[in-house]
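# Coordinate inspection notes
The residues making up each chain are set out below.
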Amino acid sequence: MAVPATDGLTEVGTRPRLGDYLAETWRMLTFALRLAGSRLISGLLPNRLGVLWIVLKPLSLAIVYGTIFYFILSGAARPANFVQYLIVGVFVFEFFTGCFGSGSKAITNNAKLVQSFGFPRMLLPISVVFEQAMRMIPVILLLGILLLIFGEPISWSWLLIIPIFMVMGVFNLGLALVVARVAVRTRDIQQLIPIITRILFYASGIFFDVDGALAAYPTLLTIVHLVPTYDFISIARDVLLSGYSAPLLAWIAAPAWALVMIVVGTIFFWQGEPRYGLSD
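Here the structure is a predicted model, which means the values were calculated and not measured. (Residues numbered from 1 in each chain as written. Predicted model: local features only at pLDDT ≥ 70, side-chain atom pairs only at ≥ 80, totals over all residues. Heavy atoms only, no water.)

## Here's the deal with the overall build of the protein
We apply this condition: Per the convention used, a helix needs a DSSP run of H or I reaching at least four residues, while a strand needs a run of E reaching at least two, with both numbered from the N terminus. Burial classes follow relative accessibility: with a 1.4 Å probe on protein chains only, a residue under 20% of its type's maximum area counts as buried, one over 50% as exposed, and anything between as partly exposed. Residue contacts follow a heavy-atom distance rule, with two residues in contact if any of their heavy atoms lie within 4.5 Å. Areas reported here follow the Shrake-Rupley algorithm with a probe of radius 1.4 Å; residue values treat only the protein chains shown as occluding.
A tally of helices and strands in the protein yields 13 helices and zero strands. Secondary structure elements of the protein, listed N to C terminal, follow the sequence α-α-α-α-α-α-α-α-α-α-α-α-α. Taken across its 280 residues, the protein has 48% of its residues classed as buried. Of all intrachain contacts in the protein linking residues separated by at least 6 positions in sequence, the fraction that spans at least 24 positions is 79%. By element, 69% of the accessible surface of the protein is carried by carbon and sulfur atoms, the whole surface being about 14,700 Å².

## Here's the deal with a nonpolar patch on the surface
As a reminder of what qualifies: Patch membership requires more than 30% relative accessible area and the absence of a salt bridge. Residues of like charge join within 9 Å; the nonpolar side chains Val, Leu, Ile, Met, Phe, Trp and Tyr join within 5 Å. A side-chain nitrogen of Lys or Arg and a carboxyl oxygen of Asp or Glu constitute a salt bridge if their distance falls within 4 Å.
Taken together, the side chains of V83, I145, I149 and F150 make up a nonpolar region of the molecular surface, amounting to roughly 360 Å² of accessible area. Looking at the element boundaries, I149 is found in helix α6 (residues 123–149).

## Some details on the nonpolar core
Put simply, the rule reads: The set of buried Ala, Val, Leu, Ile, Met, Phe, Trp, Tyr and Cys residues whose side-chain atoms join them within 4.5 Å is what this entry labels a nonpolar core.
Formed by 79 residues in total, the largest nonpolar core has its most connected members in V88, F91, F96, I107, I206, L240 and F269. Leave out the neighbours within four places in its chain, and V88 touches L143, L147, A236, R237, L240 and L241.

## Describing the packing of helix α11 (residues 228–240) against helix α12 (residues 248–271)
Using the following cut-off: For every element, the axis is a line fit to its C-alpha atoms; helices are fit only across the contacting stretch, and the angle between N-to-C directions ranges from 0 to 180 degrees. We call two directions roughly parallel when the angle between them is under 35 degrees, roughly antiparallel when it is over 145, roughly perpendicular when it lies between 65 and 115, and oblique otherwise. The hand of a helix crossing depends on one turn: near helix anticlockwise from the far one by less than a right angle means left-handed, and clockwise means right-handed. Polarity classes work like this: nonpolar for Ala, Val, Leu, Ile, Met, Phe, Trp, Tyr, Cys and Pro, charged for Asp, Glu, Lys and Arg, and polar for all others, with Gly in that last group.
Taken N-terminus to C-terminus, the directions of α11 and α12 make an angle of 125°; their axes are 9 Å apart at the nearest point. Regarding the angle of α11 to α12, the classification is oblique. Of the two possible hands of crossing, α11 and α12 adopt the one that is left-handed. For the pair α11 and α12, contact is made by P228, D231, F232, S234, I235, D238 and V239 and by A250, W251, A253, A254 and W257, respectively. A breakdown of the residues in the contact of α11 with α12 according to their chemical character gives nine nonpolar, one polar and two charged.

## With respect to the packing of helix α7 (residues 161–185) against α11
Relative orientation of the contacting elements α7 and α11 amounts to 170°, with a least axis distance of 10 Å. What the angle tells us is that α7 and α11 run roughly antiparallel. Between α7 and α11, the contacting residues are I161, I164, V167, M168 and F171 on the first element and P228, F232, I235, A236, V239 and L240 on the second.

## A closer look at the confidence of the model for the protein
In low-pLDDT segments, the atomic positions of the prediction should not be examined closely. Heads up, the condition is: Per-residue confidence from the predictor is given as pLDDT, running between 0 and 100.
Overall, the predicted model of the protein reaches an average pLDDT of 83, with 84% of residues at or above 70. Overall, residues 1–10 carries pLDDT values under 50, and its contacts beyond four positions in sequence, including any with other chains, amount to zero contacts.

## Regarding the layout of surface pockets
Going by this rule: The rule is simple: put a 1 Å grid over the protein atoms alone, call a set of points where a 1.4 Å probe fits but cannot get out a cavity, call an open set with protein on both sides within 12 Å along at least five of seven lines a pocket, and count a residue as lining if it has an atom within 4 Å of a point. Grid points are joined across faces, edges and corners, and a volume is the space filled by probe spheres set on the points.
In this structure, the largest pocket encloses a volume near 890 Å³. Along the walls of the largest pocket sit 33 residues, with A133, I162, F165, M166 and G169 positioned nearest its centre. Breaking the lining of the largest pocket down by element, the ones donating at least two residues are α1 (18–27), α6, α7 and α12. Examining the composition of the lining of the largest pocket, we find that twelve residues originate from one element, α6, more than from any other.

## What to know about helix α4 (residues 82–103)
Here is the rule: Multiplying one less than the number of residues by 1.5 Å gives the expected span of a helix.
Spanning 22 residues, α4 covers 31 Å between terminal C-alpha atoms, matching the ideal 32 Å at 1.5 Å per step. With 20 of 22 residues buried, α4 lies mostly within the body of the structure.

## A short note on the environment of P247
Tracing the sequence through the fold places P247 in the loop between α11 and α12. Sequence separation between P247 and D211 is 36 residues, and the spatial gap between their C-alpha atoms is 9.4 Å. The contacts of P247, once residues within four sequence positions are left out, are H225, Y230 and S234.

## Here we look at the packing of aromatic side chains
Applicable threshold: What counts as a ring pair is set by centres within 6.5 Å for rings of Phe, Tyr and Trp (its six-membered ring), and what kind of pair is set by the plane angle: stacked under 30 degrees, edge-to-face over 60, tilted for all other angles.
Tallied over the full model, the rule gives 13 aromatic pairs. Taking 5.7 Å as the distance between ring centres and 40° as the angle between the ring planes, the aromatic pair formed by F171 and F232 counts as tilted. Of this pair, F171 sits in helix α7 while F232 sits in helix α11, and the two are 61 residues apart along the sequence. Each member of the pair F171 and F232 is classed as buried. Consider the rings of F201 and F207, whose centres lie 5.9 Å apart with planes at 40°: the pair is tilted. By relative accessible area, which is 5% here, F201 ends up buried. Using a relative accessible area of 4% as the deciding quantity, one classes F207 as buried. An aromatic cluster of three or more residues is present, and its members are F93, F96, F100, F201, Y202, F207 and F208.

## Focus on helix α8 (residues 189–203)
Defined as follows: Throughout, the arc means the angular range of directions from the helix axis out to the C-beta atoms.
In this model α8 runs 20 Å from its N-terminal to its C-terminal C-alpha over 15 residues, within 8% of the 21 Å that 1.5 Å per residue would give. Every buried residue belonging to α8 is among I189, Q190, I193, T197, L200 and F201, and all of these are buried. One side of α8 holds all its buried residues, which, seen down the axis, span an arc of 125°. Structural note: α8 exposes Q191, P194 and I199 on the side pointing more than 90 degrees away from its buried face. Looking at the residues trailing α8, positive phi occurs at G205, about 65°.

Right, dumping it as structure tokens:
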């Protein structure tokens, strides 16, 4: 009896070598891009306002937080350019929360796809980051318009926001890979993510000046300067806002966080590859 050819096929439940796994992921990257695009469109079509919701959400958050904390904060804790400061913080943090929250559901929300087809499951968290990056395009455009409206002079340094978001996307992908694998066996992580996100929201100085508020606590200030979301928000403010300068530590820590997170996330996710098709 003839034995069927097995070229290109892999045994179910096995883990390919890391190099082969990454090469196959790269070869099928268009799959992740198309999946991200289709998911974005299908999520917007049922809404009457459609794509407007992409910008309405961060804008409404900025308005609410700005209205509340403008009157609550005073002294060194409130930056001089409060509105611009807040808008940049909220909009940049939105990219993180989208990747973090959706990344935890990258495998569990696609269980039938995972169990039906053979492909590097890493493509699913990648598609999440692609989708969130697509959502950020109109958000970044709105951000630029709002900064001009509130008196920020346009500068060539604004172009640096693109590589900053790209580096942040690498960090977000690494984190999405970690939480995607954890959520496969421990769904409770999805309940913890909103809590973690809220803690990082306040720790990142979205609506207050970290340096002014924590000037009397140098150790705590240094710890906050090492929070990844603070680092990316801080360097984004540096290139977008006149009169604001990010700590040197933030410029060093942001790309370092991205490098460490993508390496750790990739290896951690790849090690769990044989289990994803068996998830319940």
